[in-house]
Amino acid sequence: MFGPEEGHYALALACILALAQFILPLRGAAKHDRRLLMLAPLLAVSQLIALALSFFCLVWSATHDDFSVQNVAANSAIAKPLLYKITGTWGNHEGSILLWALILGICGAAVAAFGRNLPAILRARVLAVLGGVSAGFQLFCLTTSDPFARVWPAPPDGQGMNPLLQDPGLAFHPPILYTGYVGFAVPFAFAVAALLEGRVDAAWGRWVRPWAVAAWCFLTCGIALGSWWSYYVLGWGGYWFWDPVENASLIPWLTGTALVHSAIVVEKREALKIWTVLLAIATFSFSLSGTFLVRSGILNSVHAFANDPARGIFILGLLALVIGGSLLLFAWRAPSLVAGGMFAPVSREGSLVLNNILLCSICAVVVTGTMYPPFMQLLFGRTISVGKPFFDATTIPLTLPLLGAMAVGTLLPWKRARLSPVLRRLRWGALAAVVALGIACWALSGILPILCAVGAVWVIGGSLTDLAGRLGLSHGFSHAWARARSLPRSAFGAAIAHIGVGITVLGLTGMSQAQHAIVEVHVGQTESLAGYEWTLLGVHEEDGPNYHAMIADISVRRHGKLVTVMHPSKRDFAAQHQNTTEVSIRTNLISDIYGVIGDRHGTGANATYVLRLHYNPLAPWMWLGGLIMAIGGGLSLSDRRLRVGAPKRAAQNEEVVAS
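Residues numbered from 1 in each chain as written. Predicted model: local features only at pLDDT ≥ 70, side-chain atom pairs only at ≥ 80, totals over all residues. Heavy atoms only, no water.

J.: Can you break down the sheet that holds strand E8 (residues 584-587) residue by residue, with the values?
T.: Taken together, the four strands give an open sheet; going across it, the order is E1-E10-E9-E8, and neighbouring strands pair in antiparallel fashion. Each having just a single partner strand, strand E1 (515-521) and E8 make up the two edges of the open sheet. Averaged over neighbouring strand pairs, the angle between their axes works out to 15° when direction is ignored. For strand E9 (residues 591-601) and strand E10 (residues 608-617), the ladder comprises nine bridges, and the chain directions are antiparallel. What sits directly across from His-601, in E10, is Thr-608. (Pairing = 2+ DSSP bridges. Helix = DSSP H or I, 4+ residues; strand = E, 2+ residues; numbered from the N terminus. Axes fitted to C-alpha atoms, helices over the stretch in contact; angles between N-to-C directions.)

J.: Got a sec to walk through the pairing of E9? Specific residues and values, please.
T.: Look at any regular strand and the pattern is simple: side chains alternate between the two faces of the sheet. The buried fraction of E9 amounts to eight of the 11 residues, a majority that puts the element mostly inside the structure. Note that E8 and E9 share four bridges and pair antiparallel. Directly across from Thr-587, in E9, lies its bridge partner Asp-592. Counting the residues between successive antiparallel strands, the hairpin from E8 to E9 contains three residues, one of them, Leu-589, with a positive phi of roughly 70°. Counted along the chain from E9 to the antiparallel partner E10, the turn is six residues long, and its residue Gly-602 has a positive phi close to 85°. (Buried < 20%, exposed > 50% of the residue type's maximum accessible area, 1.4 Å probe, protein only.)

J.: Before we move on, can you summarise helix H6 (residues 120-143) with the specific residues and values?
T.: With 24 residues, H6 ought to run about 34 Å at 1.5 Å a step, and its terminal C-alpha atoms sit 34 Å apart, in line with that. With 19 of its 24 residues buried, H6 lies for the most part within the structure. (Expected span 1.5 Å × (residues − 1).)

J.: Go over helix H9 (residues 202-233), please, and point to the residues and values.
T.: The terminal C-alpha atoms of H9, which comprises 32 residues, lie 46 Å apart, in line with the 46 Å expected from a rise of 1.5 Å per residue. Within H9, the axis deviates most sharply at Val-208, by approximately 25°, and proline Pro-210 lies no more than four positions further along. Where burial is concerned, most of H9 is hidden: 27 out of the 32 residues are buried. Its side-chain oxygen 3.3 Å from the backbone nitrogen of Ala-203, Asp-201 forms the N-cap of H9. (Bend = angle between axes of the 7 residues up to and from the residue. Polar contact = N/O pair within 3.5 Å; in protein donor to acceptor, adjacent residues only side chain to side chain.)

Below, the structure written as C-alpha cells:
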C-alpha cells in the first residue's frame with residue numbers, strides 16, 4: 001500500500017493538481033469566476049495530501065530496506081540506525097528535492113488555511129503562483145530526479161549514507177533550512193500577485209510581513225544549525241568556510257532581512273513599494289538559484305548532491321521561467337505602482353533604507369565572491385580561489401556601519417526626526433560601548449575585531465534603551481510592568497532579534513581570537529595551549545552500529561586542577577570506506593575547549609597520535625545569538641495584530657462576479 005509505485009503515482013497526481021492550481025485560479029481571476037477562485041484552496045490542500053503520501057512512501061521504503069529502490073540502495077543499509085534511515089531520505093539529491101516540494105506544498109496549504117481574510121482574487125493569484133512553482137519542482141522530480149526509480153536485480157544490502165550525514169544535527173538541518181528557503185516563496189507569490197493586480201498598499205505589506213518573518217526565522221535557525229554541525233562534526237575547529245552552499249544560504253538571508261524591514265515601511269507609510277516587491281522576487285530567486293546551482297554541479301561543494309547535464313538543463317530552464325518571468329513582469333508592471341508617502345532622510349524610514357542598502361551591498365559582495373571563480377573557470381579556463389580573507393576584508397567594513405545604524409534607527413520617529421534627542425537617549429549605550437572599547441583594546445588583537453566588539457555592544461545597548469523607553473522604566477517597575485502587558489509583542493520581538501545580532505557578532509569576534517595547535521604525541525605526553533595542559537591518557541577501540549571507532553581519553557588541566565576529560569573519536573565506516581571524526585567539546589558558555597583525534601602512526605608502545613586542540617573564546621555565543629534572533633522573530637509572529645490585524649483595503653474592484 002505504501003510502496004514506491006504508490007509514491008510515484010502520488011507524486012504524479014500532485015504534479016497534475018499543482019498545474020491545475022496554477023492555471024484555473026489565474027483564469028478565475030481574469031474572468032472574475034468565483035467557482036474557479038474557490039478551487040484554489042481546495043487544490044492547494046489536495047496537492048499537499050498527495051505530496052505527503054508520496055514522501056511517506058519514500059520513508060516507508062527506506063525504513064523497510066526496500067533496496068529495489070535505487071535511492072534507498074544508494075543511501076541506506078540494513079545496519080544503519082532507524083533514525084538515519086528516516087532522515088537519510090532527504091540526505092541525497094532526489095530526496096531533498098521531494099522534501100523541497102513537500103514544504104512548498106505545506107506553504108500553499110498554509111496560505112489557503114490562514115488566508116481566508118485575503119481578497120478572493122489576491123488569494124487565488126498567490127496560490128496560483130505557488131502552484132506553478134510547485135509544478136516545476138515536481139516535474140523536476142518526475143523527469144530527472146525520480147526518488148522512486150527502481151534497480152534490478154535488487155542488491156541484498158545498500159551502500160549506506162554518507163557517514164558525515166549520520167549525525168542528529170545534520171539530520172534535522174535540511175528540513176529547517178529548506179523551510180526557510182521555500183518559505184520565501186510566499187512573499188514571492190504575493191509580489192507577483194501584486195504586480196498582476198497593479199496594486200501594493202499598507203494591507204499588502206501587513207499580509208506579506210508575517211510570511212517573510214516566518215521564513216526568515218527558519219532560515220536563521222537552519223544557517224545556525226548548519227554552522228554548528230560544521231563546527232562539531234567536521235573536526236576542523238571552524239564554523240564557516242565561505243563554502244558555496246554556505247554562501248547560498250547567506251545570500252537570501254541578507255535580502256530576506258532587508259525584505260522584513262522594508263515591508264514595515266510599506267505597512268506603516270506605504271513607501272518603498274517597488275523596492276519591496278523587487279526584494280521579495282530577489283530573495284526567492286536567490287533561494288532557487290543558490291540551491292539548484294550547487295546541485296547542478298556548476299558550483300563545487302562538499303554539500304553538492306548531483307552533477308548531471310540533464311538536471312542542469314532542467315534547472316536552468318526552471319530558473320529562467322521563475323526568475324526571468326517574474327523580473328519581466330516586474331519591469332512591465334512596476335512603473336504603474338503608485339508611489340507612497342515622502343519622508344526625510346533622518347527618520348525611521350530613512351534608517352530602514354540605509355539598512356537595506358548596506359544589507360544588499362553585503363549580499364552583492366558575497367554573490368560576487370561566490371560566482372566569480374566558477375565563471376572565470378567557465379569563460380577563461382582560469383582556476384582562482386576566493387576565501388575567508390576576501391570575504392572578511394569586504395563584508396566587515398560594510399557590517400560596521402550597519403551595526404552603528406541599528407541602534408539609532410529603532411529610536412527614530414517616522415517621517416521626520418532629529419538626531420540629537422535620539423543620541424541623548426543613547427548615552428548609556430554609548431557609555432557601554434566606550435567601556436567595551438577599553439576592554440576590547442586590552443583583550444583583542446586587530447582593529448576590526450575591536451570595532452566589531454564595540455559595534456555589538458552598541459547594538460545591544462540601543463535595543464535595551466528602546467525597550468526601556470517603551471516600557472517607561474524611568475517611572476518605576478510597577479509602571480513598566482503595566483506597560484509591558486499592553487505593549488505589542490512585535491516590539492519585544494524586534495528588540496530581542498537585534499540583541500541576538502549583537503550576541504552573534506560578539507561570538508564571531510571572540511572566535512577571531514581562537515588558539516589552536518596540531519600535535520603528535522605518545523600516550524602520557526602533555527602539551528600546553530591557551531594556559532591549559534592537555535594530556536593523552538590513553539586510546540581504546542569500540543564497535544558502533546555500522547562503524548569501528550578509535551577513542552582517545554584526553555585530560556585537560558589548568559594550574560594543575562582538572563578541568564575535564566575529553567573523549568574524541570575517529571570512526572571507520574567499512575561499507576563506505578570512509579573515516580569521520582567525532583569532536584569532544586567542553587563548554588562553559590564563555591569558551592569552548594575542543595579536541596579531535598587524527599591518525600595513528602606506529603604500533604604498540606611506540607604509537608603516536610595526531611591531536612588537534614582548540615581554545616575558542618565566546619564560540620557558543622554565535623549560535624546562542626542565532627537562536628535569540630529566531631526567538632525574536634517568533635515573538636513578533638505571535639502578535640495577533642501582525643497575524644490577523646491587516647488594515648482594510650479601500651474598495652477597488654474587490655467584488656467577484658459569479659459567471
